[in-house]
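Listed here are the chains, written in short residue letters.
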Amino acid sequence: MGNTFEETIESDKDVLLMMYGDYSWCEHCKIYAPEYELIAKKFQKASKITIAQMNFGHNDIEDAKARGIAPKGFPELLLFRAGTRLNPHRYMPVPVLEI
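This text gives an overview of the structure that appears in the document.

## A few points about the state of the cysteines
Working step 1: Tallied over the entire structure, the rule returns one disulfide.
Working step 2: The partner cysteine of Cys 26 in its disulfide is Cys 29, sulfur to sulfur 2.4 Å. Judged by the torsion about the S-S bond (65 degrees), the Cys 26/Cys 29 disulfide is right-handed. For the pair Cys 26 and Cys 29, one class covers both residues: buried.

Now the structure itself:
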């Protein structure tokens with residue numbers, strides 16, 4: 001996966017991206033992380049989807065902000081369909097920390 005938002009979503013595959021906050025202050029993110037790891041393991045060998053995660057506070061997020069994609073809470077899952085990167089499907093697992 002890439003180091004920036006653009007590098008992460010620019011793929012010929014669908015991309016499921018979890019945006020999360022730092023575990024030191026986002027208890028919901030810490031709780032959900034093991035579940036997301038299970039999802040990543042299950043789809044590890046899938047040829048049509050990439051499972052990725054991005055710490056919204058520690059990565060280059062200017063690309064995401066420029067696209068108008070900022071999380072409404074943490075953690076937030078975004079599904080970017082191959083070929084349609086502009087309007088991702090948003091999923092907010094429960095519990096979630098609203099920001």
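Now that the structure has been shown, we can carry on.
## Quick look at the packing of aromatic side chains
Working step 1: Scanning the entire structure with this criterion turns up three aromatic pairs.
Working step 2: When the centroid spacing of 5.8 Å and the interplanar angle of 75 degrees are considered together, the rings of Trp 25 and Phe 74 count as edge-to-face. Separated by 49 residues along the polypeptide, Trp 25 in the loop between strand S1 (14-20) and helix H2 (27-42) and Phe 74 in strand S3 (residues 73-74) bring together distant segments of the chain.
Working step 3: When the ring of Tyr 32 is compared with that of Tyr 36, the centres are 6.4 Å apart and the planes differ by 40 degrees; the resulting orientation is tilted. Here Tyr 32 pairs with Tyr 36, and both are found in helix H2, just four residues apart, close to one helical turn.

## Section: unusual backbone geometry
Working step 1: Each neighbour pair has its own omega, and for Phe 74 with Pro 75 the value is -15 degrees, a cis peptide bond.
Working step 2: Relative to the elements of secondary structure, Pro 75 occurs in the loop between S3 and strand S4 (76-81).

## Examining H2
Working step 1: Look at H2: 24 Å from first C-alpha to last across 16 residues, which is about the 22 Å you get at 1.5 Å a residue.
Working step 2: The largest bend along H2 measures about 35 degrees and falls at Ala 33, with the proline Pro 34 one to four residues further on.
Working step 3: Listed as buried for H2 are Cys 29, Tyr 32, Ala 33 and Tyr 36.
Working step 4: Taken together, the buried residues of H2 touch S1, strand S2 (49-55), S3 and S4.

## A look at the sheet that holds S2
Working step 1: One open sheet holds the four strands; their spatial order is S2-S1-S4-S5, and the pairing between them is mixed. Unpaired on one side and paired on the other, S2 and strand S5 (84-91) mark the two borders of the sheet. Strand-to-strand twist in this sheet, taken as the mean axis angle between neighbours without regard to direction, amounts to 25 degrees.
Working step 2: Pairing analysis gives five bridges linking S1 to S4, with the strands arranged antiparallel. Counterpart to Leu 17 in the pairing with S4 is Leu 78.

Calculation criteria
- Residues numbered from 1 in each chain as written.
- Predicted model: local features only at pLDDT ≥ 70, side-chain atom pairs only at ≥ 80, totals over all residues.
- Heavy atoms only, no water.
- Disulfide = S-S within 2.5 Å.
- Buried < 20%, exposed > 50% of the residue type's maximum accessible area, 1.4 Å probe, protein only.
- Phe/Tyr/Trp six-rings, centres within 6.5 Å; stacked < 30°, edge-to-face > 60°.
- Helix = DSSP H or I, 4+ residues; strand = E, 2+ residues; numbered from the N terminus.
- Expected span 1.5 Å × (residues − 1).
- Bend = angle between axes of the 7 residues up to and from the residue.
- Contact = heavy atoms within 4.5 Å.
- Pairing = 2+ DSSP bridges.
- Axes fitted to C-alpha atoms, helices over the stretch in contact; angles between N-to-C directions.

Keep in mind these values describe shape, not function.
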